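Report on the structure
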Amino acid sequence: MAQASHGTAGGLAGRAAWVFVIAGALVLSGCVGSGSLAPPRKASRPQPAPVEPAYAAGVTPPGAPMQDAPLGPAMAGTTIGNGPVRVALILPMTGAGQGAVVAQSMRNAAELALGEFQNSDLTLFVKDDNGTPEGAQAAAQQALAEGAELIIGPLFAGSVQAAGQVARQRGKPVIGFSTDASVASQGVYLLSFLVQEEVDRIVSFAATQGRRSVAALIPETQYGRVAGARLQQAAAQQGIRIAALEYYPPGQPREAVQHMAPVIGGSAPQADALFLPDNGDGLPAMAQALQMAGFDPLRVKPLGTGLWDEPRVVALPILQGGWFAAPDKRGFTAFAERYRARFNVDPIRLATLSYDAVTLAAALARMQGAQAFTDAMLTNPAGFAGADGVFRFNPDGTNDRALTVQEIRGGAAVAISGAPRTLVAGN
């Protein structure tokens, strides 16, 4: 699997789902800030290597503990709501490992979204793909046979690809949750935390703060490879020099750090920033290796992605003063309060994705019924205001998000650059 402030006229809803519905209709310009924003960026981005969501299965999610209600009988085949517009939610309800835990939390978030959207026009079919592409294909076929106009999910890249192939044959769109941008395409949209956007944001911010030379220590993982490739693109765009770049086996950074010590250590380092796209599992070993190499975060600014937004990372002394890009945590905090009140358990970090997808579907259906889920509507360049801030789908199926920059101070993350309130070309 991997990997925000709010819209001007609604943004994050404190209790009800977004301020989408005004006088009984979805007003795009009212809920996202401006109806006259520039069109989204051209869909000519190079396709990165596959990367799965690092904010969920197998990784402690940033901002919240990985926990949810114990799984009882599978929720496959159940329905939520009773509106005339049919939408499918495909999740690995009986998937292996943490996948089923993530799925349960996302299923709950969908229920919360419909409960907060008064008189929703949706009937949501919950389908179990068992965490496999074959299961996703079968679930998509069944959902479309039952009249689904939109598929929300699946979670994993292969499953999104399989469901997308079925849906495209029927002319129906998919809003998936994988962070593997290679499975995105016209009609298969990813509502996920993409590492590409986080790298762009943190590199752009570092440039505005006078950083001119960056080194990078990157885990040899799918996530790391995508982050490293994007770093090189973003640095070139911002006029930042790549002083050195080293990959290392996950959890074993010592040799790579030793190679890079002359660039990032000592009293006269050759780089003024160090990019570390790793998580709470890998960064403690990195911190120890950096300390041995004479790394000083006061001389070389640590830079990271949204994977840093968790207690294990922000507690590391070697990262104090570091910057990372992530959605505005206030959105998730408000959502989590309502989720806990409803289900008496904490949501996983990815739960807002399901909440936002279902709320968006309900809002679009309120405006145009079963004909609402067109490419033109879903790729409106002004975007939508969700629980994690403003986002939009690009014509190539990827997304843009409004992200904050946060600084690690005294073992906590503090926002130092707020997320844009609107999305315009170049954000």
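In case you missed it, the structure is sitting above this.
Below is a summary of the structure that appears in this document. Treat the numbers as computed from the prediction; the structure is a model and nothing was measured.

Quick notes on the rules
Residues numbered from 1 in each chain as written. Predicted model: local features only at pLDDT ≥ 70, side-chain atom pairs only at ≥ 80, totals over all residues. Heavy atoms only, no water. Buried < 20%, exposed > 50% of the residue type's maximum accessible area, 1.4 Å probe, protein only. Helix = DSSP H or I, 4+ residues; strand = E, 2+ residues; numbered from the N terminus. Arc of directions from axis to C-beta. Contact = heavy atoms within 4.5 Å. Pairing = 2+ DSSP bridges.

**A look at helix α8 (residues 283–292)**
Residues three or four positions apart in an α-helix share a direction because the helix packs 3.6 residues into each turn. Along α8, the residues classified as buried are Leu283, Met286, Ala287, Ala289 and Leu290. For α8, the angular spread of buried residues about the axis comes to 165°, placing them on one side. Those residues of α8 that are exposed and aimed more than 90 degrees away from the buried face are Gln291 and Met292. Where α8 is buried, its residues touch β9 (213–219), β10 (241–248), α7 (254–264), β11 (273–275) and α9 (311–314). Positive phi shows up at Gly294, right after α8, with a value of about 80°.

**Some points on the pairing of strand β17 (residues 404–409)**
A large share of β17 lies buried, amounting to five of its six residues. One ladder, built from four bridges, connects strand β13 (residues 323–326) with β17; its direction is antiparallel. Bridge pairing in β17 links Phe324 to Gln406. Summarising the sheet, β17 and strand β18 (residues 412–417) pair through five bridges and their orientation is antiparallel. By the bridge assignment for β18, Arg409 is matched with Ala412. From the end of β17 to the start of β18, which pair antiparallel, there are two residues, and Gly410 there has a positive phi angle of about 55°.

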